[in-house]
Amino acid sequence: MFDLDKWKEIWATLRSNRLRTFLTAFGVFWGILMLMLMLMFGSSLESGSKRQMKGMATNLLFVWGQQTTVAYDGLPPGRGVRFKTSDIEVLRRLPGVEWLAPRLQLGGFMNNFTVGRESKTGSFTVMADYPEFKNIVAFAYEAGRFINERDIAENRKVCVIGKAVREQLFEPGEKVIGDYIKISGVYFQVVGVTTTLRTGQQGERDANTIFVPFTTLKSAFKMGDRVGFFAMTAKPGVDGPELERQVKDALRRQHRVAPEDNLAIGSFNMFVMFDKLNTVFLVLALLGWLVGGATLLAGVVGVSNIMLITVKERTKEIGVRKALGATPYSIVTMVMKESIILTAIAGLIGVAVGVGFLALGHFALAQAQDSPMGPPDVSLWTVMKAVGILVTAGALAGIMPASHAASIKPIEALRAE
Amino acid sequence: MLRLTKVNKYYRVGTHSLHVLRDIDFEVEDGEFVAIMGSSGSGKSTLLNILGILDDYDSGEYRLGDTIIRDLSESRAAHFRNRLIGFVFQSFNLLPFKTALENVALPLYYQGVARRKRNQIAMGFLERVGLRDWADHTPSEMSGGQKQRVAIARALIGKPRLILADEPTGALDSETSAQIMELMSEINRSGITVLIVTHDPEVAARCQRTIRLKDGKVMSPEAAAAAAAAASHPGMRAAT
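Predicted model only: the values in this text are computed from it and were never measured. (Residues numbered from 1 in each chain as written. Chains lettered and ligands numbered in written order. Predicted model: local features only at pLDDT ≥ 70, side-chain atom pairs only at ≥ 80, totals over all residues. Heavy atoms only, no water.)

Draft legend 1. Looking closely at the overall build of chain A. Looking only at helices and strands, chain A has 13 helices and 13 strands in total. Out of the 417 residues belonging to chain A, those deemed buried represent 49%. Here the contacts in chain A between residues at least 6 apart in sequence split such that 80% fall between residues at least 24 apart. Accessible area of chain A: about 19,800 Å², with a carbon and sulfur share of 63%. (Helix = DSSP H or I, 4+ residues; strand = E, 2+ residues; numbered from the N terminus. Buried < 20%, exposed > 50% of the residue type's maximum accessible area, 1.4 Å probe, protein only. Contact = heavy atoms within 4.5 Å. Areas by Shrake-Rupley, 256 points an atom, 1.4 Å probe, with all protein chains shown as cover.)

This is how it looks when you write it as structure tokens:
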């Protein structure tokens, strides 16, 4: 393998046709580069999306009430479904539920609320939550803690504020924990400041949210027994659609909704979402391999073609070599090695350039936190696979020309002028 | 050295079969210097290809040394060509992108001799044909006579017992031809059997013996003598 002579032989033949060697090599180079760029693109979109969803449980389910569409149990369609505190115990008892967080937003869904402190005011989302919520969406804390069981039990007027809330209502460096903010005329003591792990729109919302104990909000603002919506996670081993079915069945019974009425209760299932996303990324990756692979294949066919032409042009040379004692094996290995060397060198340059782009892309996209494209992650393993594919491809490209070369009859070759 | 017994060779051209060699019978002793003559189409090149194990034959027996050359695998044939036979061609058949030295060394490459050793041996053979100073030149920089000398050095480097030359002087002027033939005689004197295919009577005259082919058959001694006489007649010679 490391016989200098053989390499010299190969080098001499490749060198004797510089332009052709270059063009052929370029085909392979381009193929592997395309393959890597396609995989990079897919990986980049994937990591971008995952970055946006960071801090959220992947087995997450949200359910909220909508309007019935089917008449049932003597009730007309078009009736609004409103969840109640009595639903909480029902859902907690379901076998598939791991963490259950009943939630209620002050002022209604997606409405912000004016909150003040001393002379400062701001418009924020005010959410009534149970401690369980911190198991569903993960937070980090700049200071303090999240709502706890005693807050709930004692209806404490405490709150946990997002980072943006702190920035707007407090001076930098000002002591936050223990101070008070005024929500609709009621003072709440700040017990924690969160920094979200999510990015983009979700992260923005988290930063602008004030969490208060569920029970406090209800008593302070006289909101009766309403629950805005439920957030929950599935127990390990329970899949999303199964949990959704259990929860919806229970809620339908509670609220006298027809079993076939799918529109009465709205839901968002992270499982399904993740499934869809994963399918999209899988398809993207497959597409990458397909398109990149096809380009590479075209390059390889090019190599095979050129090798075949080279062999035909060298018919006489091969005939001479055979007359001088070259065995078919030595001819086959000669041509195969040329093919593999050509493919491997061109391909490795392609891989190197691809890795360069990868590093560049990684650097650029790691900075841009809000970009839908995340840092691409094409693993060393993928690169190794690409290199393996190259060598195999080179060998495959060499088979036909090599067997043609081996089948050349020396007398015919010597006759060729 | 070699013996052919009732060797026949056919070429299939479409549905027709061309009988190129008919019951060829002859023997060449060790150390002989033999010319094979015949007009074009007489089958002399086919005969040489069979002798050189570059082509196979259809019936009869070809014995080279102690071996019956019959249905050899490609690798075995390559081995015999490499170790027993040296070829010299009319058109030299040097590899154009290699230097004279590398061309000469090529048979040793296929014997697996290391490069340094190979080149050292090749230099010795180049010296023997008087081209030591041309070792680093490629064939395109050399004259026809020089190229043929390189080819002869290449044929000799494998220490063959038999040299097969196909019209070795066909592409050379008469003065150069004479030099090449002198070199061939010298090789023969060193103990190597030499077979030359030629249609040049002057070349044949330098050999010890001539085998004449006509229409795929070896001519009888009487007919051969008549042909030789005719060929040496000035009027007839112009016609060939």
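Read on, since the account is not over.
Draft legend 2. Quick peek at the nonpolar core. Residues Leu2(B), Leu4(B), Phe26(B), Leu47(B), Leu51(B), Tyr62(B) and Leu64(B) are the most contacted members of the largest nonpolar core, which totals 72 residues. Residue contacts for Tyr62(B): discarding those within four places in its chain leaves Leu2(B), Arg3(B), Leu4(B), Ile50(B), Leu51(B), Tyr57(B), Thr67(B), Ile68(B) and Ile69(B). By size, the runner-up hydrophobic cluster in this structure holds 66 residues, among which are Val176(A), Val193(A), Leu217(A) and Ile265(A). (Core = buried A, V, L, I, M, F, W, Y, C linked by side-chain atoms within 4.5 Å.)

Draft legend 3. Broad picture of the interface of chain A and chain B. Each side of the interface is counted separately: chain A has 24 residues, and chain B has 23 residues. Surface buried jointly by chain A and chain B totals about 2,200 Å² across both partners, of which 59% is contributed by carbon and sulfur atoms. Applying the counting rule to chain A against chain B returns zero salt bridges. The interface formed by chain A and chain B includes four residue pairs in polar contact (both at pLDDT 80 or more). Of all the secondary structure elements, the ones that give two or more residues to the side of chain A that touches chain B are α1 (4-15), α10 (315-323), α11 (328-367) and α13 (410-415) of chain A. In terms of residue class, the side of chain A that touches chain B is made up of 11 nonpolar, four polar and nine charged. (Buried area = accessible area lost by both parts, 1.4 Å probe. Salt bridge = Lys/Arg side-chain N within 4 Å of Asp/Glu carboxyl O. Polar contact = N/O pair within 3.5 Å; in protein donor to acceptor, adjacent residues only side chain to side chain. Nonpolar A, V, L, I, M, F, W, Y, C, P; charged D, E, K, R; others polar.)

Draft legend 4. Structural detail: the sheet that holds strand β4 (residues 59-64) of chain B. Residues and elements named next belong to chain B. The strand order β2-β1-β4-β5 describes an open sheet built from four strands, whose pairing is antiparallel. Both outer strands of the open sheet, β2 (16-28) and β5 (67-68), are each paired with one neighbouring strand and no more. Here strand β1 (residues 2-13) runs beside β4; their pairing, made up of five bridges, is antiparallel. Looking at β4, one finds that Leu2 is bridged to Leu64. Helix α1 (residues 44-51) rests against β1, β2 and β4 of the sheet, and its axis sits at about 60° to β2. (Pairing = 2+ DSSP bridges. Axes fitted to C-alpha atoms, helices over the stretch in contact; angles between N-to-C directions.)

Draft legend 5. Geometry of empty space enclosed by the protein. The tally for this structure, following the rule as stated, stands at three cavities of 30 Å³ or more. By volume, the largest cavity amounts to about 80 Å³. In terms of lining residues, the largest cavity is bounded by Thr13(A), Leu14(A), Asn17(A), Arg20(A), Thr21(A), Ile306(A), Met307(A), Thr310(A), Glu338(A) and Leu342(A). Going through the elements one at a time, α1, α2 (18-52), α9 (270-313) and α11 of chain A are the ones with two or more residues in the lining of the largest cavity. Looking at which element gives the most residues to the lining of the largest cavity, the answer is α9(A), with three residues. Taken together, the residues of the lining of the largest cavity break down into four nonpolar, four polar and two charged. Here the second largest cavity defines a volume of roughly 70 Å³. Elements with a minimum of two residues in the lining of the second largest cavity: α2 (74-84), β6 (85-88) and α5 (144-157) of chain B. Per-class residue counts for the lining of the second largest cavity are six nonpolar, three polar and two charged. (1 Å grid on protein atoms, 1.4 Å probe; cavity = no way out; pocket = protein on both sides within 12 Å on 5 of 7 lines; lining within 4 Å. Points joined across faces, edges and corners; volume = space filled by probe spheres on them.)

Draft legend 6. Quick peek at helix α6 (residues 174-189) of chain B. Residues and elements named next belong to chain B. Taking 1.5 Å of rise per residue, 16 residues should cover 22 Å, and α6 covers 22 Å from first to last C-alpha, within 8% of that figure. By the burial criterion, the buried members of α6 are Thr176, Ser177, Ile180, Met181, Leu183, Met184, Ser185, Ile187 and Asn188. The backbone nitrogen of Glu175 lies 3.2 Å from a side-chain oxygen of the residue at the head of α6, namely Asp173. Directly beyond the C-terminal end of α6, a positive phi value near 105° is found at Gly191. (Expected span 1.5 Å × (residues − 1).)

Draft legend 7. Local environment of the sheet that holds β6(B). Residue and element names in this part refer to chain B. Taken in spatial order, the six strands of this open sheet run β6-β7-β8-β3-β9-β10, and their pairing is mixed. Only two strands of the sheet have a single neighbouring strand rather than two, namely β6 and β10 (217-218). As judged from the five bridges shared by strand β7 (residues 162-166) and strand β8 (residues 193-198), these two strands associate in the parallel manner. If you follow Asp166 over to β8, its bridge partner there is Val197. Sitting on the sheet, α2 touches β6 and β7, and the angle it makes with β6 is about 80°.

Draft legend 8. A look at the layout of surface pockets. By volume, the second largest pocket amounts to about 560 Å³. Taken together, 23 residues form the lining of the second largest pocket, with Arg415(A), Ser45(B), Thr46(B), Asn49(B) and Asp166(B) sitting closest to its centre. Looking at the lining of the second largest pocket, the elements that each hand over two or more residues are α13 of chain A together with α1 of chain B. The element contributing the most residues to the lining of the second largest pocket is α1(B), with five residues. A breakdown of the residues in the lining of the second largest pocket according to their chemical character gives eight nonpolar, 10 polar and five charged.

This is a description of form; function is not addressed.
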